[in-house]
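Notes for the structure review
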Amino acid sequence: MTNGMTKDEMKRAVAEAALEYVQAGEVIGIGTGSTANAFIDALATIKHKIEGAVASSEATAKRLKERGIQVLELNETGDLSLYVDGADEATKHLHLVKGGGGALTREKIVAGASRKFICIADESKLVDVLGAFPLPIEVIPMARSFVARAIVRLGGEPVLREGLVTDNGNVILDVHGLKIMEPAKLEAELNNIPGVVTNGLFALRPADVLLLGTPTGVRKLT
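Below is a short write-up of the structure.

What counts and what doesn't
Residues numbered from 1 in each chain as written. Predicted model: local features only at pLDDT ≥ 70, side-chain atom pairs only at ≥ 80, totals over all residues. Heavy atoms only, no water. Helix = DSSP H or I, 4+ residues; strand = E, 2+ residues; numbered from the N terminus. Buried < 20%, exposed > 50% of the residue type's maximum accessible area, 1.4 Å probe, protein only. Contact = heavy atoms within 4.5 Å. Salt bridge = Lys/Arg side-chain N within 4 Å of Asp/Glu carboxyl O. Core = buried A, V, L, I, M, F, W, Y, C linked by side-chain atoms within 4.5 Å. 1 Å grid on protein atoms, 1.4 Å probe; cavity = no way out; pocket = protein on both sides within 12 Å on 5 of 7 lines; lining within 4 Å. Points joined across faces, edges and corners; volume = space filled by probe spheres on them. Nonpolar A, V, L, I, M, F, W, Y, C, P; charged D, E, K, R; others polar.

1. Some details on the environment of Ala42
Summarising the element assignment, Ala42 is placed in helix 2 (residues 34-43). With a relative accessible area of 8%, Ala42 lands in the buried category. Taking the C-alpha atoms as reference points, Ala42 and Lys220, 178 residues apart in sequence, are found 18 Å from one another. Beyond its immediate chain neighbours, meaning those up to four positions away, Ala42 contacts Ala15, Glu16 and Leu19.

Here it is, written out as structure tokens:
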């Protein structure tokens, strides 16, 4: 690989590196977003080897079908061997912030149902402390203001994501101004606020492997 790889080339490189974790005859859980899309495109080259995929969003399901990969329902498949997804932020402890694309709840469900979670990202997503990227929280619409007030008390600045309704019919509050020193603790605390469906912290169930695209190749953190 040459120096000066573009972000798209880095995404393709990590997507192809993630194929090594795909075992024949398995059902694969797949996330949402541009890096997950790169993985779907890579997976299409070996689609004959797998049983199918569980999608974390309607958008991912559509792309899988377009690439000729069978889409299965999690309720029918049971636990999965592998989940592959991107991240908006990641630490060396493999704690993540996800949900920039609005699919965090289904992503968290599919990740939770998978024995191994491979996170693929370009190196710009690696941070020392989570929180510079606004933390998405999926909220039942009637609880929006109530949840926002609770978040303010925790020191965050919630902003309603305009014009977005999630695949589950809910809204998203993006929380600015957090410096997340204890991700697992905050994840549990936020999920205990009535009306919160889930939040974009993946710390109670972190990634197992983080594959980072760099200008000189793929860097692996475990």
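2. Let's talk about the pattern of salt bridges
Opposite charge on two side chains allows them to pair when their charged atoms are near. Evaluation of the coordinates by the stated rule reveals 12 salt bridges. A salt bridge links Glu66 to Arg67; the shortest N-O distance between them is 3.8 Å. Linking Lys108 and Glu187 is a salt bridge whose minimum nitrogen-to-oxygen distance equals 2.9 Å. With a gap of 79 residues between them, Lys108 in helix 5 (residues 104-112) and Glu187 in helix 7 (residues 183-191) connect regions that are remote in the sequence. With respect to burial, Lys108 and Glu187 carry one shared label: buried. What you see here is one network of salt bridges that share partners, running through Asp41, Lys62, Arg63, Glu66 and Arg67.

3. A few points about the nonpolar core
Val22, Phe39, Leu43, Ile118, Ile120 and Leu211 are the most contacted members of the largest nonpolar core, which has 28 residues in total. Secondary-structure elements contributing two or more residues to this core are helix 1 (7-18), strand 1 (27-30), helix 2, strand 2 (52-55), helix 3 (58-66), strand 3 (80-85), strand 6 (114-122) and strand 12 (209-214). A per-element tally of this core places helix 2 first, with five residues. Those residues in contact with Leu43 that lie beyond four places of it in its chain are Leu19, Val22, Ile30, Ile50 and Ile69. Core analysis: the second largest hydrophobic core is formed by 20 residues, Leu135, Ala150, Ile151 and Ile180 among them.

4. Observations regarding the layout of surface pockets
Considered as a void within the structure, the largest pocket measures approximately 270 Å³ in volume. Contributing to the lining of the largest pocket are 14 residues, with Val54, Ala55, Ser56, Glu73 and Arg106 lying nearest its centre. In terms of residue class, the lining of the largest pocket is made up of eight nonpolar, two polar and four charged. Roughly 200 Å³ of internal volume is contained in the second largest pocket. In terms of lining, the second largest pocket is formed by 19 residues, of which the most central are Thr32, Gly33, Gly86, Ala87 and Asp88. For the lining of the second largest pocket, the secondary-structure elements that each account for two or more residues are helix 2 and strand 6. Of the residues belonging to the lining of the second largest pocket, the class tally is four nonpolar, eight polar and seven charged.

On their own, these measurements won't tell you what the molecule is for.
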